[in-house]
Amino acid sequence: MSPYNPFGLQDAELLRHSPYVDGQWIKGDGAPLEIRNPANGGFLGQVETLAADGVARAIEAAARTLPHWRALAAKERGAILEKWQTLIVEHADDLARIMTLEQGKPLAEAKAEVLSGAAFAKWFAEEGKRVYGEIIPPFQNDRRLLVFREAVGVCAAITPWNFPSSMIVRKTAPALAAGCSLILKPAESTPFSALALVELAQRAGVPPGVFNVVLGEPAVIGQVFTRHPSVRKISFTGSTRVGRLLLAQAAEQVQKVTLELGGNAPFIVFADANLEAAVTGAITAKFRNAGQFCVAANRILAHESLFAAFVERYAQAAAALKVGDGLAADSQVGPLINRKALERVQALVDDAVAGGGRVVTGGKPHALGGLFFEPTVITHAAANARLLREEIFGPLINVQSFKDDDEAIRLANDTKYGLASYFYTRDINRLLRVSEALQFGMVAVNTPIIAAESSPFGGIKASGQGREGSRHGIEDYLELKTVWVAEDR
């Protein structure tokens, strides 16, 4: 098997190695990017990249094709999105295999992500048909006041490596449904997933130039996106540090910006919680994708009456998780994305222990070696421990106790982030009171699941602005146009 095609796909045409601009797979003018399997370090291939001029050409292609795409009926754009969704589902096994090889997550998780992403294409195919305008009662009889909702224009999307499939569809589907053309910049670690999705979009009938993909140096591409006058909106998922930088740069062109940034999610277990359900939920909320996701539980707060029982059961469940290559059928926790990520998780453990934290299970790289790290549970970390203040992005969590609801809420809200939060209770009054008190864009009660195509996804504070998914997800790709009409008397 060729070193450039080690994926063993049913449809080999899904494996692409170059940017896609104006309907063509083009040769790059930047330094090639080498991609390796985080599970074993194996060489997967290299992709062509673009320098600033190449990125500008992609933007110009999107600008040139915008009028035609925007002029199509919403039903016509929706039909293409529905076809894309169908093709994604039909090729879900290949797309999942690509993702596991380049990103590392277990194959079952990868396929679930592919299918959840496909659902966004179907959802926004329908939402595009419901972009309604308004007729406002006039302030005098010879006037008519109309409000149109129109596509914002050329959009740029920057997506992360941890969910390299669903994040792309979640951003591109509402843009396309609204009538926008766009340029996608996927993460450097996971380009093959993005290129496969674009291949399917092409097959679905997205016209040349409407959906472009550029690969290359993030800082260079980001500057082109924020400085080019044709780009009217940027959507970014990634770190708070980079999000702030993009927001500042976008201010120069007064671009619309949607940001989904870092998180520091609390997971609260109240005294009346179903303990077994809380343990199971906390395992999913922490260790899915090896803890490498923005809404991962970062801090567990367990009521003092069940603290010891929770820690014992939770540590046992964490230790029992099967760590291994994502292609192995029994694997539950895959590798971290790179060496820097592994070293950072170890540094967080060391910092917590130095401040008095106790390792209940895990605490070190896994015996498999490479980029695998043991699922780790710590207790009694100091209030200033880094793992309580920073986004962890790894299979590590601290459990601490609290005395009453007020303390739990205070501890949960004691963070600059405001993306996701979780709590378990069987008290309906507490459910409502705590949901209102938590300062997060999303609250999950008695469940670790917090994302679906029908649900608004996004945060507050340092976790970003805007929402993706649901009927609100198309709003940031639209502008309001007010039309005053006077009678000609």
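Before reading further, recall that the structure is shown in the block above.
Since the model is a prediction, treat every value here as computed from it, not as a measurement. (Residues numbered from 1 in each chain as written. Predicted model: local features only at pLDDT ≥ 70, side-chain atom pairs only at ≥ 80, totals over all residues. Heavy atoms only, no water.)

Here we look at the side chain of Asn-162
Reasoning step 1: Here Asn-162 is to be found in the loop between β7 (154–158) and α5 (166–178).
Reasoning step 2: Note on Asn-162: relative accessible area 4%, which makes it buried.
Reasoning step 3: Filtering out sequence-adjacent residues up to four positions away, Asn-162 remains in contact with Gln-103, Lys-105, Glu-113, Asn-289, Gln-292, Phe-293, Cys-294 and Phe-393. (Helix = DSSP H or I, 4+ residues; strand = E, 2+ residues; numbered from the N terminus. Buried < 20%, exposed > 50% of the residue type's maximum accessible area, 1.4 Å probe, protein only. Contact = heavy atoms within 4.5 Å.)

Focus: the nonpolar core
Reasoning step 1: By size, the foremost hydrophobic cluster in this structure holds 61 residues, and its most contacted members are Val-295, Phe-310, Tyr-314 and Leu-387.
Reasoning step 2: Beyond its immediate sequence surroundings of up to four residues, Val-295 is in contact with Ala-265, Ala-285, Leu-419, Ala-420, Tyr-422, Met-442, Ile-450 and Phe-457.
Reasoning step 3: Ala-92, Phe-211, Leu-215 and Ile-474 belong to the second largest nonpolar core, which has 60 residues in total. (Core = buried A, V, L, I, M, F, W, Y, C linked by side-chain atoms within 4.5 Å.)

Structural notes on the packing of helix α9 (residues 275–287) against helix α10 (residues 307–319)
Reasoning step 1: As a packed pair, α9 and α10 sit with axes 10 Å apart at the nearest point and diverge in direction by 45 degrees. Between α9 and α10, the crossing angle belongs to the class labelled oblique. Where α9 crosses over α10, the handedness of that crossing is right-handed. The residues of α10 that touch α9, namely those facing Leu-275, Glu-276, Ala-278, Val-279, Ala-282, Ile-283, Lys-286 and Phe-287, are Ala-309, Phe-310, Arg-313, Tyr-314, Ala-317 and Ala-318. (Axes fitted to C-alpha atoms, helices over the stretch in contact; angles between N-to-C directions. Parallel < 35°, antiparallel > 145°, perpendicular 65-115°, else oblique. Left-handed = near helix turned anticlockwise from the far one by under 90°.)

A closer look at the sheet that holds strand β13 (residues 297–303)
Reasoning step 1: An order of β14-β15-β16-β13-β12-β18-β19 is seen for the seven strands of this open sheet, with the pairing classed as mixed. Two strands lie at the open edges of the sheet, namely β14 (358–361) and β19 (442–445), each paired on one side alone. Between one strand and the next, the sheet's axes are offset by a mean angle of 25 degrees, whatever the strand orientation.
Reasoning step 2: Bridge analysis of strand β12 (residues 265–269) against β13 gives five bridges, and the strand direction is parallel. Within β13, the position partnered with Ala-265 by the bridge is Ala-297.
Reasoning step 3: Its contacts with the sheet put α9 on β12, β13, β15 (376–379), β16 (396–402) and β18 (420–424), and the angle it makes with β12 is roughly 170 degrees. (Pairing = 2+ DSSP bridges.)

So, unusual backbone geometry
Reasoning step 1: With a phi close to 50 degrees, Val-254 is a non-glycine residue in the positive phi region.
Reasoning step 2: Unlike most non-glycine residues, His-380 shows phi in positive territory, near 60 degrees.
Reasoning step 3: Within the fold, His-380 resides in the loop between β15 and α12 (386–389).

Some remarks on the sheet that holds strand β6 (residues 143–151)
Reasoning step 1: If you trace the three strands from one edge of the open sheet to the other, you get β5-β6-β22, paired in antiparallel fashion. What marks the edges here is a single partner per strand, and that holds for β5 (134–136) and β22 (478–486). Across this sheet, the average inter-strand angle for adjacent strands is 25 degrees, counted without regard to direction.
Reasoning step 2: As paired elements, β5 and β6 share three bridges and run antiparallel to each other. Looking across to β6, one finds that Ile-136 is bridged to Leu-145.

Details of the state of the cysteines
What is meant by a disulfide is a covalent connection between two cysteines, made through their sulfur atoms.
Reasoning step 1: In this structure the tally under the stated criterion is zero disulfides.
Reasoning step 2: Cysteine Cys-155 remains unbridged, with the sulfur of Cys-180 as its closest cysteine sulfur at 3.7 Å. (Disulfide = S-S within 2.5 Å.)

Notes on the packing of aromatic side chains
Reasoning step 1: Counted under the stated rule, the structure contains 12 aromatic pairs.
Reasoning step 2: Judged by centre distance (4.7 Å) and plane angle (50 degrees), the rings of Tyr-20 and Trp-25 are tilted.
Reasoning step 3: Pairing Phe-139 with Trp-484 gives two aromatic rings, centres 5.6 Å apart and planes at 65 degrees, and the pair type is edge-to-face. In this pair, Phe-139 is assigned in the loop between β5 and β6 and Trp-484 in strand β22, connecting sequence segments 345 residues apart.
Reasoning step 4: A relative accessible area of 60% places Phe-139 in the exposed class.
Reasoning step 5: Residue classification places Trp-484 among the exposed positions, given a relative accessible area of 52%.
Reasoning step 6: An aromatic cluster of three or more residues is present, and its members are Phe-267, Tyr-422 and Tyr-424.
Reasoning step 7: Stacked on the ring of Phe-163, the Lys or Arg Lys-105 has its end atom at 3.9 Å from the ring centre.
Reasoning step 8: Note that Arg-288 overlies the ring of Phe-293, its terminal NZ or CZ placed 4.4 Å from the centroid. (Phe/Tyr/Trp six-rings, centres within 6.5 Å; stacked < 30°, edge-to-face > 60°. Lys NZ or Arg CZ within 6 Å of the ring centre and 35° of its normal.)

Structural notes on the pairing of strand β8 (residues 182–185)
Where a strand is regular, its side chains alternate between the two sheet faces.
Reasoning step 1: Residue alternation in β8 divides its side chains into two sets, Leu-182 and Leu-184 and Ile-183 and Lys-185, and both sets are buried.
Reasoning step 2: Examined bridge by bridge, β7 and β8 share four bridges and lie parallel to one another. Within the sheet, the bridge partner assigned to Cys-155 lies in β8 and is Leu-182.
Reasoning step 3: Handedness of the crossover joining β7 and β8 through α5: right-handed.
Reasoning step 4: Bridge count for β8 against strand β9 (residues 211–213) is three bridges, and the pairing is parallel. Paired with Ile-183 across the bridge in β9 is Asn-212.
Reasoning step 5: The handedness of the β8 to β9 crossover, carried by helix α6 (residues 191–204), is right-handed. (Right-handed = clockwise from strand over helix to strand, strands pointing away.)

Regarding the packing of helix α1 (residues 52–71) against helix α7 (residues 218–227)
Reasoning step 1: With their axes 9 Å apart at the nearest point, α1 and α7 run at an angle of 40 degrees to one another. Our classification of the angle between α1 and α7 gives oblique. You can see that α1 and α7 cross each other, and the crossing is right-handed. For the pair α1 and α7, the contacting residues are Ala-52, Val-55, Ala-56 and Ile-59 in the first and Val-220, Ile-221, Val-224 and Phe-225 in the second.

Focus: α9
Reasoning step 1: Between its first and last C-alpha atoms α9 spans 18 Å; for 13 residues at 1.5 Å apiece the expected length is 18 Å, and the two agree.
Reasoning step 2: Of all the residues in α9, the buried ones are Leu-275, Ala-278, Val-279, Gly-281, Ala-282, Ile-283, Ala-285, Lys-286 and Phe-287.
Reasoning step 3: Buried residues belonging to α9 abut β12, β13, α10, β15, β16 and β18.
Reasoning step 4: Count one or two residues on from α9 and you reach Asn-289, which has phi positive near 55 degrees. (Expected span 1.5 Å × (residues − 1).)

Examining the pattern of salt bridges
Reasoning step 1: Going through the model one piece at a time under the given rule, you end up with 31 salt bridges.
Reasoning step 2: Notably, a salt bridge pairs Lys-27 with Glu-48, separated by 3.8 Å at the nearest N-O pair. Of the two residues, Lys-27 sits in the loop between β2 (24–25) and β3 (33–36) while Glu-48 sits in the loop between β4 (43–47) and α1, which places them 21 residues apart along the sequence.
Reasoning step 3: Using a relative accessible area of 24% as the deciding quantity, one classes Glu-48 as partly exposed.
Reasoning step 4: The shortest N-O distance in the salt bridge between Arg-149 and Glu-475 comes to 2.4 Å. Within this pair, whereas Arg-149 is found in strand β6, its partner Glu-475 is found in the loop between β21 (464–465) and β22, the two being separated by 326 residues in sequence.
Reasoning step 5: Residue Arg-149 is classed as partly exposed on the basis of its relative accessible area of 22%.
Reasoning step 6: A single salt-bridge network, built from bridges that share partners, covers Asp-11, Glu-13, Arg-16, Glu-199 and Arg-203. (Salt bridge = Lys/Arg side-chain N within 4 Å of Asp/Glu carboxyl O.)

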